Amino acid sequence: MQIPFYKYQGTGNDFVVIDNRQNIFPKNNTKLIGQICDRRFGIGADGLILLEKDSESDFNMDYYNSDASQSMCGNGGRCAVAFAKFLGMIGNKTTFRAIDGLHEATIDGEVVTLKMSNVSEVHQRTRHLFLDTGSPHHVQLVENLDKFSVKHEGSRLRYGLYGESGSNINFVEQQAPDSFKVRTYERGVEDETLSCGTGVTAVALAMHNSGKTSSKKVNISTPGGDLNVSFDQENGTYSNIHLQGPAIQVFKGEITC
Ligand SMILES: N[C@H](CCC[C@H](N)C(=O)O)C(=O)O
């Protein structure tokens, strides 16, 4: 079978994206998902995105990590919006469905602004914070982030602290009153990725919640590029959360399976 696909990247978090509105992809074949995402034997990607029909919104985004596990994906959501625009399915505004519910988004050129789900619980621990922005995130301030062993420490925490279900692990260094550098170990990729959308969203909220910033517009730089997170906070709930950054189409191909 030949399945057309596109490759997108959002600040270096990269995805194989497929128009699956006719249900052509064998999504139960988790081995195939792993093969597609394999950096050597396949196309190579952090995850797979299937864009599907949805009865109540413009489309459904079915997201798979490279190990075929599922979660919400912020950068993937931004790339799905860019793909839907490319397909002519939407104009510059959309509402789509993901695993954590409906999301609004806008697109202006290559920049996609994605509304994230509300966050009403931020757990403060001795040396880290934990919150769920559509996927679970551990947020920890470190020194000398550029030299930090993200994969080793990230894996240790992901399995040691969070067991089999795991969590994404974000290491953070403050750059200025409203800006931070972040490197992320991603659950389901089981490696450092160049950027993590739900992760930088978690970092922005966690840094505000712990008083490291009083700004409600936070700039986050990742190894893959820069993202902005803006939000409101009322009675302990974070709402009107927007993740903004580029989503770029890289190439088109055909999967043989
Ligand atoms: N690895 C995450 C999902 C993808 C998150 C990341 N790619 C993003 O942009 O939010 C998890 O399983 O919790």
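What you see is a predicted model; the values in this text were computed from it and never measured.

(A) Spotlight on the domain arrangement of the chain. Splitting the chain by domain gives domain 1 (2-113 + 246-256) and domain 2 (122-245). Computed from C-alpha atoms alone, the centre-to-centre distance between domain 1 and domain 2 is 22 Å. The interface is formed by 23 residues belonging to domain 1 together with 23 residues belonging to domain 2. Note on domain 1 versus domain 2: buried area summed over both sides is about 1500 Å², and carbon and sulfur give 48% of it. Linking domain 1 with domain 2 are zero salt bridges. Our count for the contact surface shared by domain 1 and domain 2 stands at 12 residue pairs in polar contact (both at pLDDT 80 or more). Listing elements by their share of the side of domain 1 that touches domain 2, those giving two or more residues are helix 2 (74-86) and strand 7 (111-115). In terms of residue class, the side of domain 1 that touches domain 2 is made up of six nonpolar, 12 polar and five charged.

(B) Spatial organisation of the site of the ligand. Close to the ligand lie 16 residues; N168, E186, R187, G197 and T198 are nearest. Contact distances for the ligand include 2.9 Å between a nitrogen atom and a side-chain N or O atom of N13. The side chain of N65 places a nitrogen or oxygen atom 2.8 Å from an oxygen atom of the ligand. Protein burial of the ligand: of its 360 Å² of free accessible surface, 100% is covered by the chains. In this structure the site holding the ligand corresponds to the largest cavity. Breaking the shell around the ligand down by element, the ones donating at least two residues are strand 4 (60-65), helix 2 and helix 4 (197-209). For the shell around the ligand, a count of residues per class yields five nonpolar, nine polar and two charged. Here the shell around the ligand spans two domains, since at least three of its residues come from each of domain 1 (2-113 + 246-256) and domain 2 (122-245).

What counts and how
- Numbering of residues starts from 1 in each chain and follows the order in which that chain's sequence is written.
- Whole-chain, interface and lining totals are the exception, using all residues; otherwise, since this is a predicted model, local features are given only for residues with pLDDT of at least 70 and side-chain atom pairs are given and counted only at 80 or more.
- Hydrogens and water molecules were not included; the side-chain quantities draw on all heavy atoms of the structure.
- For the domain bounds, the source is a domain assignment made automatically or taken from a database.
- By definition, residues are in contact when any of their heavy atoms lie within 4.5 Å.
- Here the buried area means the combined drop in accessible surface, using a 1.4 Å probe, for two parts upon being joined, counting both sides.
- We define a salt bridge as a side-chain nitrogen of Lys or Arg found within 4 Å of a carboxyl oxygen belonging to Asp or Glu.
- Residues adjacent in sequence count toward polar contacts only when both atoms are side-chain atoms; beyond that, a polar contact is any pair of N or O atoms within 3.5 Å, and within protein one must be able to donate a hydrogen and the other to accept it.
- Runs of E in the DSSP output that reach at least two residues are strands. Runs of H or I that reach at least four are helices, and both are numbered from the N terminus.
- Gly falls in the polar group here, along with every residue not listed as nonpolar (Ala, Val, Leu, Ile, Met, Phe, Trp, Tyr, Cys, Pro) or charged (Asp, Glu, Lys, Arg).
- Each residue is tested against the molecule or strand, and it is near if at least one of its non-hydrogen atoms lies within 4 Å.
- For the accessible areas, the method is Shrake-Rupley and the probe is 1.4 Å, while residue cover comes only from the protein chains on display.
- In the cavity and pocket records, a cavity denotes points on a 1 Å grid over the protein atoms alone where a 1.4 Å probe fits but cannot get out, a pocket denotes an open set with protein on both sides within 12 Å along at least 5 of 7 lines, and lining residues are residues with an atom within 4 Å of a point.
- Cavity and pocket membership follows a simple rule, namely that a molecule belongs there if more than half of its atoms are within 2 Å of the grid points.

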